[in-house]
Every structure is written in C-alpha cells, then in structure tokens.
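Structure at a glance
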Amino acid sequence: MKIKDIITIDPETLGGTPVFTGTRVPVWSLFVHLEKGVSLEEFLDDFPTVKHEYAVALLEIVQQTFSSEKTIRQLYESAAC
C-alpha cells in the first residue's frame with residue numbers, strides 16, 4: 001500500500017491537514033494517541049472511520065522510514081537548512 005492510498009491532503013478537508021483517506025481524521029491524531037499510551041485498537045475504536053489496514057500500513061511506512069540510516073540522514077540534513 002502506498003502513502004497516497006492511506007493519506008489524503010486536500011485544501012477543502014480541514015484546510016489541507018493530512019487525514020486518513022475517506023475520513024476527516026488527522027494523521028497526527030494516531031501518533032498523539034500512541035504517544036499517550038493508547039493502543040491501536042483503542043484509537044480505532046475512537047475513530048471508527050479509519051480503516052485498520054490504513055493505520056497499520058502507515059505505522060509500517062513510518063517504521064521503515066526511520067529504520068533507514070540513509071533516510072534519517074536525509075531528513076536531518078533537509079531540516080538543518
């Protein structure tokens with residue numbers, strides 16, 4: 001699954017805030033919940049419009065991205081500018 005299948009960015013939806021496709025649920029809300037110790041299942045209970053496979057796929061993409069030293073270096077260098 002590709003990131004563009006999971007996330008929609010549309011100026012007409014929440015002013016362009018990245019949301020889970022087919023919902024008005026901001027992507028950042030998943031990470032806020034996880035940071036607070038809320039399980040994925042509880043998050044999905046709180047936001048039933050978010051598809052389980054979208055949340056899992058997004059977490060896998062993030063995990064893959066931040067497991068790569070090369071990607072982390074690229075992010076670091078782009079943020080340092």
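Below is a summary of the structure that appears in this document. Since we're looking at a predicted model, the values are computed, not measured. (Residues numbered from 1 in each chain as written. Predicted model: local features only at pLDDT ≥ 70, side-chain atom pairs only at ≥ 80, totals over all residues. Heavy atoms only, no water.)

This next bit is on the nonpolar core. Core analysis: the largest hydrophobic core is formed by 14 residues, its most contacted members being Ile6, Phe20, Leu30, Phe43, Val50 and Leu58. Only α3 (40–46) and α4 (52–67) provide two or more residues apiece to this core. Excluding residues within four positions of it along the chain, Phe43 makes contact with Phe20, Val25, Ser29, Leu30, His33, Val38 and Val50. (Core = buried A, V, L, I, M, F, W, Y, C linked by side-chain atoms within 4.5 Å. Buried < 20%, exposed > 50% of the residue type's maximum accessible area, 1.4 Å probe, protein only. Helix = DSSP H or I, 4+ residues; strand = E, 2+ residues; numbered from the N terminus. Contact = heavy atoms within 4.5 Å.)

Moving on: the pattern of salt bridges. Any two side chains of opposite charge can pair, so long as their charged atoms come close to each other. All told, the structure shown has one salt bridge when counted by the stated rule. In this structure, the salt-bridge partner of Arg73 is Glu69, at a minimum N-O distance of 2.8 Å. Within this pair, Arg73 and its partner Glu69 are both found in helix α5 (residues 69–80), separated by four residues, close to a single helical turn. On the basis of relative accessible area, Arg73 is assigned to the partly exposed category, the value being 48%. (Salt bridge = Lys/Arg side-chain N within 4 Å of Asp/Glu carboxyl O.)

Attention now moves to the packing of helix α2 (residues 28–35) against α4. Contact geometry for α2 and α4: axes closest at 11 Å, N-to-C directions at 80°. In terms of orientation, α2 and α4 fall into the roughly perpendicular class. Touching Leu30, Phe31 and Leu34 of α2 are Ala55, Leu58, Leu59 and Val62, all from α4. Residues of the contact of α2 with α4, tallied by class, amount to seven nonpolar, no polar and no charged. (Axes fitted to C-alpha atoms, helices over the stretch in contact; angles between N-to-C directions. Parallel < 35°, antiparallel > 145°, perpendicular 65-115°, else oblique. Nonpolar A, V, L, I, M, F, W, Y, C, P; charged D, E, K, R; others polar.)

Let's shift gears to the packing of aromatic side chains. Enumeration over the complete set of coordinates arrives at two aromatic pairs. Ring plane angle 50° and centroid distance 6.3 Å describe the contact between Phe20 and Phe43, whose orientation is recorded as tilted. One end of the pair, Phe20, is in strand β2 (residues 19–20); the other, Phe43, is in helix α3, with 23 residues separating them in the sequence. By the burial criterion, Phe20 is buried, and Phe43 matches it. Relative to Phe47, the ring of Phe43 has its centre 5.0 Å away and its plane inclined at 40°; by these criteria the two rings are tilted. With relative accessibility at 0%, the residue Phe43 sits in the buried group. Grouping aromatic residues by their ring pairs yields a cluster made of Phe20, Phe43 and Phe47. (Phe/Tyr/Trp six-rings, centres within 6.5 Å; stacked < 30°, edge-to-face > 60°.)

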